[in-house]
Amino acid sequence: MSETNASDPASPEAYSFRQKLAHWGVVVLVAAQYLVFDSIGRDFGRGMKTGEWVYSPAATGHILFGFAILALMVWRLKLRRDEGVPALPAAEPGWAATLARLTHGAFYLMLLAMPLVGAAAWYLQSGSAAEMHEAAANLLMALIAVHVGAVAVHQFRWKSSILSRMM
Ligand code: HEM
Ligand code: HEM
C-alpha cells in the first residue's frame, strides 16, 4: 500500500472521481452510523436480555449502512490497486508521512473489520463481539479526529492543499 510509489501504477495528481465518490460516500455512511443509527444498541440490549430480536428502522439502517461501508472499502482497495493514489506531499516531514500511512491503513483495517465484528455481535448474539465493536467505534472516532486535524494542518499551516485532491 505504498503511497509514494511513483511507478506502478503511475502516481496520479489527484484521486479519481470514483475514489472521491467512495471516500465521501463512506464519510456520509459512517456519520449516519454514529448520529442516526447508533440506537441499534437499544435493540441489541433488548435482544440479549429478552431473546426478542426486533429489526427497528435503526437496526435495519445500521446493518444496511454497515455492509455498504464494507462494500465501498473493498471497492476502494481495488481502485487503489488499479489506479494508484497521489504521492504524499513532498513538503511533508517524514513523521507526518508515516502518520498518514498508519492512519489510512488503520481506516482500511477498521472499516473492513467493524462490519464483520458487528455482524458477529448481532447474528451470533455475542456480547464480547459487541464490546469489541464499541471499542472499535471509539478508536475510529479518534482516528477521524487525527485525520481531519491533519487535513487542517496541511491546508492552513503547510499550505499543501491536499483537500483539493479529494474534492
Ligand atoms: C463500518 C461499519 C460500522 C460502523 C462504523 C458502526 C458503528 C457503530 C457505532 C458508532 C455504534 C454505537 C456504539 C456505542 O453505542 O457505543 C455501533 C453499535 C452496534 N453496531 Fe455497528 N457499525 C458498523 C457496522 C455494523 C454492522 C454491519 C452490524 C451488524 C450486522 C453492526 C451491529 C452493531 C450492534 C449490534 C451494535 C450495538 C452494540 C452494543 O450496544 O453493545 N454494526 N456500531
Ligand atoms: C469517516 C470519516 C473519514 C474516513 C474513514 C476517511 C478515510 C480516508 C482514507 C482511508 C484516506 C486515504 C485514501 C487512500 O489513499 O486510499 C483518506 C484520504 C483523504 N481524506 Fe479522508 N476520511 C474521512 C473523513 C474526511 C474528512 C471529513 C475530510 C475533510 C476534512 C477528509 C479529507 C481527506 C483528504 C483530503 C484525503 C486525501 C489525502 C491525500 O491527498 O493524501 N477525510 N480519507
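All values reported here derive from a predicted model rather than from experimental measurement.

Student: Looking at this structure, how should I read the site of ligand 1?
Tutor: If you check the shell around ligand 1, you find 22 residues, and the closest are Q33, G41, H62, H133 and E134. Side-chain polar atom of H133 to a nitrogen atom of ligand 1: 2.8 Å apart, as the coordinates give it. E134 is positioned such that a nitrogen or oxygen atom in its side chain is 2.6 Å from an oxygen atom of ligand 1. Of all the elements in the fold, those that place two or more residues in the shell around ligand 1 are helix 1 (17–35), helix 2 (40–50), helix 3 (57–83), helix 4 (94–123) and helix 5 (127–156). When residues of the shell around ligand 1 are assigned to their parent elements, the largest contribution, 7 residues, is made by helix 4. By residue class, the composition of the shell around ligand 1 is 15 nonpolar, 6 polar and 1 charged.

Student: Would you mind going over the UniProt feature "transmembrane region" (unreviewed entry) in the chain with me for this structure?
Tutor: The sites that carry the UniProt feature "transmembrane region" (unreviewed entry) are, in the present numbering, residues 21–41, 53–75, 106–124 and 136–156. Helix makes up 95% of residues 106–124 and strand 0%, whereas the separation of the span's terminal C-alpha atoms amounts to 26 Å. As annotated, residues 136–156 comprises 100% helix and 0% strand, and the C-alpha atoms at either end are separated by 30 Å.

Student: Hey, could you run me through the pattern of salt bridges in this one?
Tutor: Taken as a whole, this structure holds 4 salt bridges when the rule is applied. Between K78 and D82 there is a salt bridge, with the nearest N and O atoms lying 2.7 Å from each other. In this pair, K78 and D82 both sit in helix 3, 4 residues apart, roughly one turn of the helix. The class of D82 is partly exposed, set by a relative accessible area of 40%. Residues D82 and R81 are paired through a salt bridge, measuring 3.3 Å at the closest nitrogen-oxygen approach. Overall, the relative accessible area of 59% leaves R81 in the exposed class. Through salt bridges with shared partners, a single network forms among K78, R81 and D82.

Student: Looking at this structure, I do not really get helix 3. What am I missing?
Tutor: Within an α-helix, residues lying three or four positions from one another point in the same direction, as the helix has 3.6 residues per turn. Between its first and last C-alpha, helix 3 extends 37 Å over 27 residues, near the 39 Å set by a 1.5 Å rise per residue. Of the residues trailing helix 3, G84 is marked for its positive phi of about 75°.

Student: Which parts of the structure should I look at to understand the coordination of the iron atom of ligand 2?
Tutor: Any two of four tetrahedral donors ideally make an angle of 109.5 degrees at the metal, while pairs among six octahedral donors ideally make 90 or 180 degrees. Donor atoms from the polypeptide that coordinate the iron atom of ligand 2 comprise H23 (NE2) and H147 (NE2), at 2.0 Å from the metal. Relative to the metal, the 6 donor atoms surrounding the iron atom of ligand 2 lie at angles of 87 to 180°, and the coordination shape comes out octahedral. One end of the pair, H23, is in helix 1; the other, H147, is in helix 5, and 124 residues separate them in sequence. The exposure class assigned to H23 is buried, which follows from its relative accessible area of 12%. Taking relative accessible area as the criterion, H147 reaches 23% and is therefore assigned partly exposed.

Student: Where do I start with the site of ligand 2 in this structure?
Tutor: The environment of ligand 2 is formed by 21 residues, the closest being H23, R80, Y108, H147 and R165. The contact in question runs from an oxygen atom of ligand 2 to an N or O atom on the side chain of Y108, over 2.5 Å. Between ligand 2 and the protein, one listed contact pairs an oxygen atom with a side-chain N or O atom of R165 at 2.7 Å. Elements supplying a minimum of two residues to the shell around ligand 2: helix 1, helix 3, helix 4 and helix 5. Considered class by class, the residues forming the shell around ligand 2 number 15 nonpolar, 3 polar and 3 charged.

Student: Honestly, the coordination of the iron atom of ligand 1 in this entry has me stumped. Any pointers?
Tutor: Summarising the metal site, the iron atom of ligand 1 is bound by the protein donors H62 (NE2) and H133 (NE2), whose distances to it range over 2.0 Å. Each of the 6 donor atoms bound to the iron atom of ligand 1 contributes to angles spanning 88 to 179°, and the resulting shape is octahedral. Of this pair, H62 sits in helix 3 while H133 sits in helix 5, and the two are 71 residues apart along the sequence. An identical accessibility class is assigned to H62 and H133; each is buried.

Definitions and cut-offs
- Residues numbered from 1 in each chain as written.
- Chains lettered and ligands numbered in written order.
- Predicted model: local features only at pLDDT ≥ 70, side-chain atom pairs only at ≥ 80, totals over all residues.
- Heavy atoms only, no water.
- Near = heavy atom within 4 Å.
- Polar contact = N/O pair within 3.5 Å; in protein donor to acceptor, adjacent residues only side chain to side chain.
- Helix = DSSP H or I, 4+ residues; strand = E, 2+ residues; numbered from the N terminus.
- Nonpolar A, V, L, I, M, F, W, Y, C, P; charged D, E, K, R; others polar.
- UniProt positions renumbered as here; feature names shortened; annotations may be inferred.
- Salt bridge = Lys/Arg side-chain N within 4 Å of Asp/Glu carboxyl O.
- Buried < 20%, exposed > 50% of the residue type's maximum accessible area, 1.4 Å probe, protein only.
- Expected span 1.5 Å × (residues − 1).
- Donors = N, O, S within 2.8 Å, 3.2 Å for Na, K, Ca; no water.
- Tetrahedral: all angles 85-135°; square planar, octahedral: opposite > 155°, others 65-115°.

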